[in-house]
Every structure is written in C-alpha cells, then in structure tokens.
Amino acid sequence: MLLQTLALIAACSRLAVADSDGDKTYKHVAAFSIDGLHGSDVEKYVALRPASTIATLLKTAYEYTDCLTSAPSDSFPGVAAFISGATPRTTGVWYDDTYDRTFWPPFSSSNTNCAGPPGAEVVYDETIDFDSTKLWSGGINPLNLPQSMIGGKCVNTYPHQRLRVNTIYEVVEASGKQTAYTDKHPAYDMVRGPSGKGLSVGYFPEIQSFDTANLTQIIGYDTLHVDAFLAWINGNTPANSEVQSALTGIPTLFGGNFQAVSVAQKTSGYVAGTLAFTPQLLKALDFVDASLGKIVTALKSKGVYDHTLLTIASKHGQAAIDPTKYGKISQKVLAADVGVPTLHITTDDVALIFLADHRDVNTAVDNLNHLRDALKIEDIIFGERLTDLGFGNPKTDPAVPDIILRPELGIIYTTSTKKIAEHGGLSDDDRRVACFVSATDLEKKTFPHQVDTKSFAPTILRALGLDPKALKGVVAENTKILDGF
C-alpha cells in the first residue's frame, strides 16, 4: 500500500511538473512594442472595443498591470531593456542622443579619427543615415557615426557596438534559429548586439522621410512594418532589407514596433477632464488593433498560431496623459542655469546633465535648487543617490550623467510647437506601460505587482526553450522571468 501511495505521489508530481507554466515552450515568439501605450490605455480600449483583437488576445493572456519600462524612458534604452534584460547602467545605452566621456565626434563633422581628448555627443538617430529625407538611402553612413577605441583601434562605432551586453536575438541566432526585426531608423541596428550577428533580417525604413506630426502618414509608415511582419510569417524577406541570412521559413523570433499611437498622443492626446481618447488617438489604436488581427490571421493560416507566443508591450509611455499639465521650457536656458561648465545636456521631459568637471556637481545642484520654480523641477538626482537608485556612477562609468533632472509632470524642456506630450522621463506616465503575453494555451491571469520590461528578455528565451542566463545583462542585474513562466 505504501509503495502504491508513493508511486501515485510520484506520478502526480510528474504530471504537475509537466503541466506547470514553467514548462511552456513555443516554436515562435512575435514581440511587438506599441510605442506610447500605457497600461491604462489597454483597459480603456478594451472597454470601448470588446470584440477587438487586443480584447481577444487578453482572453488567453498573462497581463502585467504594474509594468515599468526603462529609466530614462527614451526609445533606445527601452529597446535595449527588451532585448538584453538590463538597464542603462549595464547596457551603456541611455538615450539616442547622449554623451560619452570616452567617445570622439564622427569623422563627417570632425574630419579626424579619434583625435584630441575623448568626450563627445553620441547620436544614434536619423542623422546617422546617408539621407534621412529618404525612406531608403542605404542605411547607416559610417562616417556619421561617433568614434571610439575598440581593440586598440579607432572605430566608427555602430549602434550594436555601443551595447555592452548581448541580446535575445544573438542568443536565438547562436542556437541555429532565425530572427527578424523592424524599427523606425537604421540605428536600431543595435538589436544585432555586440557581435553584430543577431539578426537574420533587419528592416529599417526611415520614419523621418514622413511627416511625423501627421497621423495618416505615420499609419502609412507603420503599414510598412505590418507588411514586413506578414512577409516574415510567409517566410519572405521584404525589399530593402538588411540580410545576414535568407529566411528559410518563419523566424523563430521576430518583432518590431508601431509608431501611430505615440504620434497621436504627441499631437492630439487625451480629452481634458475625462482623459478619454481623442478621435485621432482612437484612430491610431484601431489601426494597431487591426494590424495585430492581420498578424494573428496570418499565423493561423500557416498553422503556427497555437505554437506562437505573442508579447505586447511598450518601449515607453507618454507624458502627460492629462493635457492640462502640459507646459514647456526652452532647453536652451539649462546650460546657463546649471551655472558651471557643461559638456552636454540631453532634454525631453527629462534632462541628463554631463558636467565638464564632476567636482562641480554640488555647485550645479545648488544653482538648480534656487531655480526649482522657474524650471518646474520635481527632483534632482545626483551623487550617491544616483548610484543607489540604480543609474550607475558617473565617476567610474563614462556614459552616466552627473545629474538627472526630473521636471514636474507634463513639463518638456523644448522649443518645439509640434507636440503636447513627450517621453524619455521618469514619471509614471512615461514609464507605466502596457505589458501582456498571449498564447492559446494560457489561461487568463492578471499580475498586479510591479514588473519591468527588461523581464521580457529572459522570458522570451525561456519560452523558446533557451537559457535565460545566456544573457549577460540578466546575470549582471539578476533580472527575473515574468510571472507564469
């Protein structure tokens, strides 16, 4: 009898292990960022569109309702978190326009190769293209790249070389599987990872060739991404792709972003008082939802939908949701207001301040404290607190700013008249984003405790049956897998 009981317990244990969420593996992961989408937007949209694709996906999904993206919440560190499982202190990726004390200016602007003392603005946006007014201009012009010393040589440093740790795309490629990714600039070459070998196919049409304040045009731009997703599902490669290896079928890991929601938030936003979607924002959401529907239909038609995990989240939110909080202050006043020599100041609804001499930090902070009201400052992060909050140490890391300035919610340091909201900062509106994963074998669950978007990286590897600890950033920061896996 005892032996029978033990055998029954063992059998039940094996069954329990076999049925546990931790054993879920998939043949494919499709990873999408709906840029700008807040967690609160998902709830509002599903209430308005209960028969939508998003509502349907959530019926078999794990939803993480307190999910934070990177800090700062710029697109570049946002993507870096998704693909590496780490934050800027580990990835070295702080913004698409920032500063590094060990870099030199591009050859195209300096006509020199790593000449003089190091220290330069590091820009990875449309300005590194051959011609950003064209949808396809040949990708990245190496002469427009910032320079750094790699292996004792002065190198035009590609975005993927800027990243200090490997990516999920590299791990999947190294396992013998294929990958594909699309985003808004050729600069998202970063996804390839330090090896430069993380993408079978990259597809990077230049968004700046469109009117980025015109939602109709940006929906047209996003359609290029959707067409790429559908092509990949059919095992095809779109024209103008950057091809490392021709696709032999559906990539094991593929993904990219949607820009329409972010553009609608910046130009139209939410209704004052009710915070309902404006018609333009709802139009953008409906477009993204219909696009997800096309992707689901395509996966079903290929017979792989039941073997695919869809991950949907956001690189960044957008601040402020409440349009009455919007205000702007010229970024041009900051250098003078700091009151000590600066090397560079990155601004949006945040300011990353790099001082010429770190020993001036207390003087700079005193000066800024005297201008809290004028500059609408909510917080000044510096010194030991900068390190304690996980941003790193500017005395030992050349990419870490000396001071992070957090303005009041809704304040943007800009002279632009084209936008009523922005991202990049540290507020909840910037960082609290939509996060869920969906597959036909998942039972609907909501996880209300705080998670980070960096947890998508190890989770995706686990879902593909690969080792999450193959990611150096995951090991460095002890990044956890999302609940349910």
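Everything discussed here concerns the structure shown above.
Bear in mind that the values here come from a model prediction, so they are computed numbers and not experimental data.

Asks: Got a minute to help me understand the nonpolar core in this structure?
Replies: One broad rule of soluble globular proteins: the nonpolar side chains tend to lie buried together. The biggest cluster of nonpolar side chains holds 52 residues, and the ones touching the most others in it are Phe32, Trp232, Phe254, Phe258 and Leu292. With 11 residues, the top contributor of residues to this core is helix H11 (residues 279-301). Val79, Ile168, Tyr188 and Ala457 belong to the second-largest nonpolar core, a separate cluster that totals 51 residues.

Asks: Looking at this structure, I do not really get the side chain of serine 291. What am I missing?
Replies: Position of serine 291 relative to the elements: it lies in helix H11. Each residue touching serine 291, except ones within four places of it in the same chain, is listed here: Val226 and Phe258.

Asks: What exactly am I supposed to notice about the pattern of salt bridges here?
Replies: Oppositely charged side chains may form a pair once their charged atoms are brought near each other. As enumerated under the stated definition, the model contains 17 salt bridges in all. The partner of arginine 432 in a salt bridge is aspartate 66, with the nearest N and O atoms 1.9 Å apart. Taken together, the residues span a long stretch of sequence, with arginine 432 in strand E18 (residues 432-433) and aspartate 66 in strand E2 (residues 61-68) at a distance of 366 residues. With a relative accessible area of 26%, arginine 432 lands in the partly exposed category. Ionic pairing is found between aspartate 357 and arginine 359, a salt bridge with its closest N-O pair at 2.8 Å.

Asks: Can you walk me through the sheet that holds strand E16 (residues 403-407) in this structure?
Replies: Two strands in a sheet stick together by hydrogen bonds in their backbones, pointing the same way (parallel) or opposite ways (antiparallel). The strand order across the open sheet built from four strands is E13-E14-E16-E15, with neighbouring strands paired in antiparallel fashion. A single partner strand is all that each edge strand has here, and the edge strands are strand E13 (342-347) and strand E15 (377-382). Neighbour to neighbour, the strand axes of the sheet diverge by 15 degrees on average, direction disregarded. Where E13 and strand E14 (residues 351-355) come together, five bridges link them in antiparallel fashion. Across the sheet, the residue bridging to isoleucine 345 is isoleucine 353, located in E14. Seen against the sheet, helix H13 (residues 361-369) touches E14, E15 and E16 and runs at an angle of roughly 175 degrees to E15.

Asks: What is the right way to read H13 from this model?
Replies: The α-helix advances 3.6 residues per turn, and as a result positions three or four apart in sequence lie on the same side. Along H13, the residues that are buried comprise Val361, Ala364, Val365 and Leu368. All buried residues of H13 project into a common sector of 100 degrees when viewed along the axis, lining one side. Where H13 is buried, its residues meet helix H12 (334-338), E14, helix H14 (372-375), E15 and E16.

Asks: Before we go on, may I ask you to explain the packing of aromatic side chains in this structure?
Replies: To describe a pair of aromatic rings, one takes the distance between the centres and the angle between the planes. With the rule as written, the count across this model stands at 18 aromatic pairs. The structure contains a cluster of three or more aromatic residues connected by ring pairs, namely Phe32, Phe229, Trp232, Phe254 and Phe258. Across the ring face of phenylalanine 103, the terminal group of arginine 162 is positioned such that the distance to the ring centre comes to 4.9 Å.

Asks: What is the right way to look at the pairing of strand E19 (residues 435-438) in this model?
Replies: Both faces of the sheet carry side chains from a regular strand, because those side chains alternate between them. Residues Cys435 and Val437 point to one face of E19 and Phe436 and Ser438 to the other, with burial holding for every one of them. One ladder, built from three bridges, connects E2 with E19; its direction is antiparallel. By the bridge assignment, glutamate 63 is partnered in E19 with phenylalanine 436. In terms of strand pairing, strand E11 (residues 308-313) meets E19 through four bridges, oriented antiparallel. By the bridge assignment for E19, alanine 313 is matched with cysteine 435.

Asks: What should I look at first to understand the pairing of E11 in this one?
Replies: Across the six residues of E11, six count as buried, placing the element largely inside the fold. The alternating pattern of E11 places Thr308, Leu310 and Ile312 and Leu309, Thr311 and Ala313 on opposite faces, both of which are buried. Where strand E1 (residues 28-34) and E11 come together, six bridges link them in parallel fashion. The residue bridging serine 33 from the neighbouring strand is alanine 313, located in E11.

Asks: Sorry if this is basic, but what is going on with the state of the cysteines here?
Replies: What makes a disulfide is a covalent bond joining the sulfur atoms belonging to two cysteines. Inspection of every chain in the model, using the stated rule, returns two disulfides. Two residues, cysteine 67 and cysteine 435, share a disulfide whose sulfurs are 2.1 Å apart. Torsion about the S-S bond of the cysteine 67 and cysteine 435 cystine: about -60 degrees, corresponding to left-handed handedness. One end of the pair, cysteine 67, is in strand E2; the other, cysteine 435, is in strand E19, with 368 residues separating them in the sequence. Each member of the pair, cysteine 67 as well as cysteine 435, is classed as buried. Across the disulfide, cysteine 114 is cross-linked to cysteine 154 (sulfur-sulfur distance 2.0 Å). Its torsion about the S-S bond being 85 degrees, the disulfide of cysteine 114 and cysteine 154 is classed as right-handed. In this pair, cysteine 114 is assigned in the loop between helix H6 (107-110) and strand E4 (120-123) and cysteine 154 in strand E6 (residues 153-156), connecting sequence segments 40 residues apart.

Asks: Is there a simple way to explain the environment of glycine 36 in this structure?
Replies: Mapped onto the fold, glycine 36 is located in the loop between E1 and helix H2 (39-48). Classification of glycine 36 by relative accessible area gives buried; the value is 0%. For the pair glycine 36 and valine 261, spaced 225 residues apart in sequence, the C-alpha separation works out to 6.1 Å. With residues up to four places along the chain from it excluded, the contact list for glycine 36 reads Asp41, Val261, Ser262, Gln265, Ser314, His316, Gly317 and Gln318.

Asks: Hey, could you run me through the packing of helix H10 (residues 260-267) against H11 in this one?
Replies: Relative placement of two packed helices is described by the angle separating their axes and the distance separating the axes. Taken N-terminus to C-terminus, the directions of H10 and H11 make an angle of 175 degrees; their axes are 8 Å apart at the nearest point. Considering the angle they form, H10 stands roughly antiparallel to H11. On H11, the residues that touch Ala260, Val261, Ala264 and Gln265 of H10 are Gln280, Leu281, Ala284, Leu285, Phe287 and Val288. Looking at side-chain class alone, the contact of H10 with H11 contains eight nonpolar, two polar and no charged residues.

Thresholds applied
- Residues numbered from 1 in each chain as written.
- Predicted model: local features only at pLDDT ≥ 70, side-chain atom pairs only at ≥ 80, totals over all residues.
- Heavy atoms only, no water.
- Core = buried A, V, L, I, M, F, W, Y, C linked by side-chain atoms within 4.5 Å.
- Buried < 20%, exposed > 50% of the residue type's maximum accessible area, 1.4 Å probe, protein only.
- Helix = DSSP H or I, 4+ residues; strand = E, 2+ residues; numbered from the N terminus.
- Contact = heavy atoms within 4.5 Å.
- Salt bridge = Lys/Arg side-chain N within 4 Å of Asp/Glu carboxyl O.
- Pairing = 2+ DSSP bridges.
- Axes fitted to C-alpha atoms, helices over the stretch in contact; angles between N-to-C directions.
- Arc of directions from axis to C-beta.
- Phe/Tyr/Trp six-rings, centres within 6.5 Å; stacked < 30°, edge-to-face > 60°.
- Lys NZ or Arg CZ within 6 Å of the ring centre and 35° of its normal.
- Disulfide = S-S within 2.5 Å.
- Parallel < 35°, antiparallel > 145°, perpendicular 65-115°, else oblique.
- Nonpolar A, V, L, I, M, F, W, Y, C, P; charged D, E, K, R; others polar.

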